[in-house]
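# Geometric and topological summary
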Amino acid sequence: MFDLTGKTALVTGASGGIGGAVARALHARGAAVVLSGTRRDALDALAADLGSRAWAVPCNLSDADAVNALVGEAESAAGTGLDILVNNAGLTRDGLAMRMKDEEWSAVLDVNLTAAFRLSRAAMKGMMKRRWGRIISITSIVGVTGNPGQANYAASKAGLIGMSKSLAGEVAPRGITVNCVAPGFITSAMTDALSDDQKSRLLGAIPAGAMGTGDDIAAAVVYLASMEAGYVTGQTLHVNGGMAMI
Amino acid sequence: MSDVAERVKKIVVEHLGVDEAKVTENASFIDDLGADSLDTVELVMAFEEEFQCEIPDDAAEKILTVKDAIEFINANAK
């Protein structure tokens, strides 16, 4: 089950914790992986570690032209069409809404939501022709529950869910599924930035009693990318240790 | 001219799975040939590939019939 041999995947934010775990998991199931992100060194290191079937293609997701070209570049690097797109890249610019600057709002929306839309739009063309495709966006529990101090981030993540449901309806007749994975509290560079006090408060709210890992998210992505999940579309798979049961 | 028309009709027959006799020049993709909006996007992509041309979105929106497609391609393809 869940064999991805012969499939090519593009993972954005692959230099990060969750993105790296997702790329490794897809690769372990046989997929060829194109690793995108902003940190060239980290991408090259991951590609070298994976060995064959892996390429690093850096991209600044704030740059519209670069984003619009990325799917084509990924396909050239891999020498095949793109079968699986994982919109994982994300950034935060936290702050109370009353103090949030327009730039902080748009920086987050541009990368987390608009880039995901542009990449999906580009990827869908080839997927339509080949009658097979998987678009998986990494959203967040806060896209559904909201989170004080993260109006921009929560809006971008909620946006991914609404976008995915809409795309799912458009391309379902062509064998393309569009889904989201919504991590809860996952150990990553992003959660490392939280204070100990914030962390202990959050752990108390997780029935599983522990933070999740990148591998927990990667397993959900592998499932949604698989042939076996072909009848699952427009869904958000919550991976959060019971933190929110929705 | 006739070559373009034949190739356009062949693409339409293949993509929409309709009887060749139905694909007249005045046939509307949506009203006469049963295409949905996704089919029309795919047809435009297929025309672009077959004729090595780019069909911008605003032009694509005006390609509603077989004749529209043939005329656009005759005017724009290399």
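You'll find chain B entered in an unreviewed UniProt entry as Acyl carrier protein, with Rhodospira trueperi given as the organism. Under Subcellular location (unreviewed entry), UniProt gives the following word-for-word description of chain B: "Cytoplasm". Note on chain B: under the UniProt heading Function (unreviewed entry), the record states "Carrier of the growing fatty acid chain in fatty acid biosynthesis."

An unreviewed UniProt entry lists chain A under the name 3-oxoacyl-[acyl-carrier-protein] reductase, from Rhodospira trueperi. Turning to chain A, the UniProt record has this under Catalytic activity (unreviewed entry): "a (3R)-hydroxyacyl-[ACP] + NADP(+) = a 3-oxoacyl-[ACP] + NADPH + H(+)". Quoted straight from UniProt, the Sequence similarities (unreviewed entry) entry for chain A says "Belongs to the short-chain dehydrogenases/reductases (SDR) family."

Residue and element names in this part refer to chain A. Inspection of the entire model under this criterion finds one aromatic pair over all chains. Summarising the aromatic geometry, the rings of Phe-2 and Tyr-223 are spaced 5.8 Å apart at their centres and angled 85 degrees between planes, so their arrangement reads as edge-to-face. Within this pair, whereas Phe-2 is found in the segment before β1 (8-11), its partner Tyr-223 is found in helix α9 (residues 214-225), the two being separated by 221 residues in sequence. The exposure class of Tyr-223 is partly exposed, given its relative accessible area of 29%. Directly above the ring of Trp-132 sits Lys-7, whose terminal nitrogen or CZ lies 3.8 Å from the centroid.

One pass over the structure, following the stated rule, counts 10 salt bridges over all chains. Taking the shortest distance from any N to any O, the salt bridge between Lys129(A) and Glu49(B) comes out at 2.7 Å. Of this pair, Lys129(A) sits in helix α4 (residues 102-130) while Glu49(B) sits in helix α2 (residues 37-51), placing the two residues on different chains. Given the relative accessible area of 48%, Lys129(A) is considered partly exposed. A salt bridge links Glu42(B) to Arg174(A); the shortest N-O distance between them is 2.8 Å. Residue Glu42(B) is located in helix α2, and its partner Arg174(A) is located in the loop between α6 (151-171) and β6 (176-183); the two belong to separate chains. Each of the two residues, Glu42(B) as well as Arg174(A), counts as buried.

To continue, consider the interface of chain A and chain B. Taken together, the contacts link eight residues of chain A with seven residues of chain B. Both sides of the chain A and chain B interface together cover about 650 Å² of buried area, and 56% of this is carbon and sulfur. A per-residue breakdown of the area chain A buries against chain B is headed by Met128(A), Lys129(A) and Arg174(A), which together make up 67% of the total. The interface formed by chain A and chain B contains four salt bridges. Between Arg174(A) and Asp39(B) there is a salt bridge; the shortest N-O distance is 2.6 Å. Counting the contacts that link chain A with chain B gives four residue pairs in polar contact (both at pLDDT 80 or more). Those elements giving two or more residues to the side of chain A that touches chain B turn out to be α4 and α6 of chain A. Broken down by element, the residue count for the side of chain A that touches chain B peaks at three residues, all from α4(A).

Rules used throughout
Residues numbered from 1 in each chain as written. Chains lettered and ligands numbered in written order. Predicted model: local features only at pLDDT ≥ 70, side-chain atom pairs only at ≥ 80, totals over all residues. Heavy atoms only, no water. UniProt positions renumbered as here; feature names shortened; annotations may be inferred. Phe/Tyr/Trp six-rings, centres within 6.5 Å; stacked < 30°, edge-to-face > 60°. Helix = DSSP H or I, 4+ residues; strand = E, 2+ residues; numbered from the N terminus. Buried < 20%, exposed > 50% of the residue type's maximum accessible area, 1.4 Å probe, protein only. Lys NZ or Arg CZ within 6 Å of the ring centre and 35° of its normal. Salt bridge = Lys/Arg side-chain N within 4 Å of Asp/Glu carboxyl O. Contact = heavy atoms within 4.5 Å. Buried area = accessible area lost by both parts, 1.4 Å probe. Polar contact = N/O pair within 3.5 Å; in protein donor to acceptor, adjacent residues only side chain to side chain.

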